[in-house]
Amino acid sequence: KITSSSPLEPGKNNLISISVINKYNIPFQGIQIEGKSKFLNVRRIVDLAPELKTDLEEEVTVPKNTIEGEHPVQVKISLGNKVYFNKEVPVTIRAREDTREIQQVLEGFLWSGIRITKVNSGNTVKEESLRQSFGSLDYLFTTFSPEPSNVEETPAGKTVTWQYTLQPGDTKEVRYKT
């Protein structure tokens, strides 16, 4: 059994415990316990007394960009050439949201615009939406990159919306010029 006090936090030190219970009324000496994953690589040799539990605690640092959710840890328990347990056991990685928006004013001869950049530095997928309103005349003379996902008529003109998905590590840029 693998446990941690809570879901593991990317970019921080976490304590993982591998618990082994000797269900038999005989001692085992020289039991090899291994735990392997993208962020864990532990191998210990222990002695197990009859009908007792042994906990192996290991401090691990989960890489900051590890995607949230369940991740497998391969746990193997063996004595000599005999394997008693060899299974993937899931551990949970906590979501770390970190989405930033940067706006930059663009100016040229007889035109102006905005560049909006969104960056997902977290480890979770983010559904994003960006809305901007334009007067009717402004809208006619505005170019968009990329084209908006939706354009709505309003009493004051038009409202454009961009909808997109930001994967962990992704950057999305939207520009418009009038």
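Residues numbered from 1 in each chain as written. Predicted model: local features only at pLDDT ≥ 70, side-chain atom pairs only at ≥ 80, totals over all residues. Heavy atoms only, no water.

**Side note on the overall build of the protein chain**
Part 1 of the reasoning: In terms of helices and strands, the protein chain carries 1 helix and 14 strands.
Part 2 of the reasoning: The C-alpha atoms of the protein chain give a radius of gyration of 27 Å, which is well past the 16 Å a tight globule of 178 residues would have.
Part 3 of the reasoning: Taken along the three principal axes of its C-alpha coordinates, the protein chain extends 85 × 30 × 25 Å.
Part 4 of the reasoning: Sorting the 178 residues of the protein chain into buried and exposed places 35% on the buried side.
Part 5 of the reasoning: Contacts spanning at least 24 positions in sequence make up 59% of the contacts within the protein chain whose residues lie at least 6 apart.
Part 6 of the reasoning: When the accessible area of the protein chain is evaluated, it comes to approximately 11,200 Å², of which 48% is carbon and sulfur surface.
Part 7 of the reasoning: Between the mean site of the 23 positive side-chain charges and the mean site of the 23 negative ones, the protein chain shows a separation of 5 Å. (Helix = DSSP H or I, 4+ residues; strand = E, 2+ residues; numbered from the N terminus. Rg over C-alpha atoms; globule rule 2.2 N^0.38 Å. Buried < 20%, exposed > 50% of the residue type's maximum accessible area, 1.4 Å probe, protein only. Contact = heavy atoms within 4.5 Å. Areas by Shrake-Rupley, 256 points an atom, 1.4 Å probe, with all protein chains shown as cover. Lys, Arg positive; Asp, Glu negative; His and termini not counted. Charge placed at Lys NZ, Arg CZ, Asp CG, Glu CD.)

**Observations concerning the sheet that holds strand β14 (residues 171–177)**
Part 1 of the reasoning: Read across the sheet, 4 strands follow the order β8-β9-β14-β11 without closing on themselves; strand pairing throughout is antiparallel. A single partner strand is all that each edge strand has here, and the edge strands are β8 (99–108) and β11 (143–145). Here the strands of the sheet are splayed against their neighbours by 10° on average, with no regard to which way each runs.
Part 2 of the reasoning: The sheet contact formed by strand β9 (residues 111–120) and β14 spans 7 bridges and is antiparallel. (Pairing = 2+ DSSP bridges. Axes fitted to C-alpha atoms, helices over the stretch in contact; angles between N-to-C directions.)

**With respect to the environment of asparagine 25**
Part 1 of the reasoning: Here asparagine 25 lies in the loop between β2 (13–21) and β3 (28–36).
Part 2 of the reasoning: Sequence spacing of asparagine 25 and asparagine 86 is 61 residues, and the spatial spacing of their C-alpha atoms is 22 Å.
Part 3 of the reasoning: Each residue touching asparagine 25, except ones within four places of it in the same chain, is listed here: Pro50 and Glu51.

**So, the packing of aromatic side chains**
Part 1 of the reasoning: Within this structure, the stated rule accounts for 7 aromatic pairs.
Part 2 of the reasoning: For the pair tyrosine 24 and phenylalanine 28, a centre-to-centre distance of 6.1 Å together with 75° between the ring planes defines the contact as edge-to-face.
Part 3 of the reasoning: For tyrosine 24, a relative accessible area of 52% puts it in the exposed group.
Part 4 of the reasoning: Among the aromatic residues, those joined into a ring-pair cluster are Phe134, Tyr139, Phe144, Trp162 and Tyr176. (Phe/Tyr/Trp six-rings, centres within 6.5 Å; stacked < 30°, edge-to-face > 60°.)

**Section: the sheet that holds β3**
By way of backbone hydrogen bonds, the strands of a sheet pair with one another, either parallel or antiparallel.
Part 1 of the reasoning: Strand order in the open sheet formed by 4 strands is β4-β3-β6-β7, with antiparallel pairing between adjacent strands. In the strand order of this sheet, the two ends are held by β4 (41–48) and β7 (82–93), each with one partner. Taking each pair of neighbouring strands and ignoring which way they run, the sheet shows an average axis angle of 20°.
Part 2 of the reasoning: Strand direction decides the pairing type here: strand β6 (residues 69–79) and β7, joined by 11 bridges, are antiparallel. Across the sheet, the residue bridging to serine 78 is valine 83, located in β7.

**A closer look at the layout of surface pockets**
Part 1 of the reasoning: Its volume calculated, the largest pocket comes out at about 500 Å³.
Part 2 of the reasoning: For the lining of the largest pocket, the elements supplying multiple residues, two or more each, are β2, β3, β6 and β7.
Part 3 of the reasoning: At 4 residues, the largest contribution of residues to the lining of the largest pocket is made by β2.
Part 4 of the reasoning: Tallied by class, residues from the lining of the largest pocket come to 12 nonpolar, 2 polar and 3 charged. (1 Å grid on protein atoms, 1.4 Å probe; cavity = no way out; pocket = protein on both sides within 12 Å on 5 of 7 lines; lining within 4 Å. Points joined across faces, edges and corners; volume = space filled by probe spheres on them. Nonpolar A, V, L, I, M, F, W, Y, C, P; charged D, E, K, R; others polar.)

The values are spatial; any link to function lies outside them.
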